[in-house]
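A structural walkthrough
Spelled out, the chains give:
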Amino acid sequence: MSPTPPDPRVARRASHVTAIRADNPGALTLTGTQTYVIGAGPLVVLDPGPRDEAHLGRVEAVVGGRHVAAVCLTHAHADHAAAAAEASRRWGELRGSTVTLGRLGREGRPLADDEAIALGGDLRLRALATPGHSADHFCYLLEPEGILFTGDLVLGEGSSMIVHPDGSVSAWLASLARLASLRPTRLLPSHGPAVDDALARLEACRAHRLDRVALVHAALGSGARTLEQIRAAVYGDLPVSHHRAAQLTIRAYLSYLEEAGEKPPPLPW
């Protein structure tokens, strides 16, 4: 009998990190949301993902009966946190920002910014308040390895959306600068591939975001006065599946320009 082939949804990302990819591919989730099992014992389950029993079963298999210190969340969006209650029931105390726990309406213990969870030996997972994609967003740094779990703030490929008005371009840029100051060795995002050239990826994301801001500014200067006109100028022939994300992010760009004193004209939407 031939051996069972490995499950492509489960991958070791580092000596103490395994990624389990949920079956929820899409325009915004790329190949799917990734749950991470982190630590040498005890463990952290980071972002249990959508409400999907098969996915939780794969996470269970990776946990393998080992002690889980906490189920942690990057933020409250459903593709990351819909399974939070079931994951907490199975594995351990639910943890995340105060706002994340409040949005989910779940009992748990809030994480403070810069708080660390011990994961055996000298391993610890440090929570970092990183608003921008959403106001409640946290990233996590595995120390001393320098592996950074970026949630939806930075994707493995492409650009994350900023969920206006909850998200903010200025907050996103500040969070990105904070992450760069930590000089991570590797990025493990919730969507897309791992990134080994961490600082180059962070700089590329910053430059791309500022280029988008400049394109919105130029579109307004050229007379764009509707959402469709700005979207066409900034994104070109964008698939319909991406229109809502573009709309929310364009609104965030307009808010950023207004904060900078540009006073963009009111638009009819």
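Report follows, based on the coordinates. (Residues numbered from 1 in each chain as written. Predicted model: local features only at pLDDT ≥ 70, side-chain atom pairs only at ≥ 80, totals over all residues. Heavy atoms only, no water.)

1. Looking at the packing of aromatic side chains
Per the counting criterion, the structure on display carries two aromatic pairs. Ring plane angle 65° and centroid distance 5.1 Å describe the contact between Tyr36 and Phe149, whose orientation is recorded as edge-to-face. Highlighted residues: Tyr36 in strand β3 (residues 34-38) and Phe149 in strand β11 (residues 147-151), separated in sequence by 113 residues. For the pair Tyr36 and Phe149, one class covers both residues: buried. A ring pair is formed by Phe138 and Tyr140, whose centres lie 6.3 Å apart and whose planes are at 55°; its orientation type is tilted. Like Phe138, the residue Tyr140 is buried in the burial classification. (Phe/Tyr/Trp six-rings, centres within 6.5 Å; stacked < 30°, edge-to-face > 60°. Helix = DSSP H or I, 4+ residues; strand = E, 2+ residues; numbered from the N terminus. Buried < 20%, exposed > 50% of the residue type's maximum accessible area, 1.4 Å probe, protein only.)

2. Side note on the sheet that holds strand β8 (residues 116-118)
Taken together, the five strands give an open sheet; going across it, the order is β8-β9-β10-β11-β12, and neighbouring strands pair in mixed fashion. Unpaired on one side and paired on the other, β8 and β12 (186-189) mark the two borders of the sheet. On average, each strand axis in the sheet is tilted by 20° relative to the strand beside it, whichever way the strands run. (Pairing = 2+ DSSP bridges. Axes fitted to C-alpha atoms, helices over the stretch in contact; angles between N-to-C directions.)

3. Re the sheet that holds strand β2 (residues 17-21)
In spatial order, the strands read β1-β2-β3-β4-β5-β6-β7; together these seven strands make up an open sheet with mixed pairing. Looking at strand neighbours, the two that pair on one side only are β1 (10-14) and β7 (109-110), the edges of this open sheet. Contacts from helix α1 (residues 53-63) reach β1, β2, β3, β4 (43-46) and β5 (68-72), with the element oriented near 165° to β2. Sitting on the sheet, helix α3 (residues 84-91) is in contact with β4, β5 and β6 (93-96), with an inclination near 175° to β5. (Contact = heavy atoms within 4.5 Å.)

4. Concerning the pattern of salt bridges
The full count for this structure, using the stated rule, is 17 salt bridges. With its nearest N and O atoms 3.3 Å apart, the salt bridge here joins Glu60 to Arg90. With Glu60 in helix α1 and Arg90 in helix α3, the pair connects residues that are 30 residues apart, well separated along the chain. With a relative accessible area of 32%, Glu60 lands in the partly exposed category. Residue Arg90 is classed as partly exposed on the basis of its relative accessible area of 23%. Of the charged contacts in the structure, one is a salt bridge between Arg126 and Glu143, with a shortest N-O distance of 3.0 Å. (Salt bridge = Lys/Arg side-chain N within 4 Å of Asp/Glu carboxyl O.)

5. So, the packing of helix α5 (residues 169-181) against helix α8 (residues 243-259)
At a minimum axis separation of 8 Å, α5 and α8 run at an interaxial angle of 85°. With respect to each other, α5 and α8 are oriented roughly perpendicular. From α5, Val169, Ser170 and Leu173 reach across to α8, where they touch Ala252, Tyr253, Tyr256 and Glu259. Split by residue class, the contact of α5 with α8 holds five nonpolar, one polar and one charged. (Parallel < 35°, antiparallel > 145°, perpendicular 65-115°, else oblique. Nonpolar A, V, L, I, M, F, W, Y, C, P; charged D, E, K, R; others polar.)

6. Description of the nonpolar core
One broad rule of soluble globular proteins: the nonpolar side chains tend to lie buried together. With 30 residues, the main nonpolar core has Leu148, Val169, Trp172, Leu179, Leu187, Val216 and Ile230 as its most contacted residues. For this core, the elements supplying multiple residues, two or more each, are β10 (138-143), α5, α6 (198-221), α7 (227-235) and α8. Broken down by element, this core gets its largest block of residues, seven residues, from α6. Excluding anything up to four places from it in sequence, Val216 contacts Ile230, Val234, Tyr253, Leu254 and Leu257. Judged by nonpolar contacts, the second largest core, of 20 residues, contains Ile38, Leu46, Phe138 and Leu142. (Core = buried A, V, L, I, M, F, W, Y, C linked by side-chain atoms within 4.5 Å.)

7. A closer look at the side chain of Thr18
Mapped onto the elements of the fold, Thr18 is located in strand β2. The exposure class assigned to Thr18 is buried, which follows from its relative accessible area of 10%. Polar side-chain contacts of Thr18 include one of 3.2 Å to the side chain of Arg12. (Polar contact = N/O pair within 3.5 Å; in protein donor to acceptor, adjacent residues only side chain to side chain.)

8. Looking at α1
All buried positions along α1 are accounted for by His55, Leu56, Arg58, Val59, Val62 and Val63. The buried residues of α1 occupy an angular sector of 155° when the element is viewed end-on, so they sit on one face. Turned more than 90 degrees away from the buried face of α1 sit Glu53 and Ala61, all of them exposed. Against β1, β2, β3, β4, β5 and α3 lie the buried residues of α1. If you check the start of α1, you find a side-chain oxygen 3.0 Å away from the backbone N of Ala54, and it comes from Asp52. Once α1 ends, the next one or two residues include Gly64, with phi positive near 60°. (Arc of directions from axis to C-beta.)

By themselves these figures say nothing about function.
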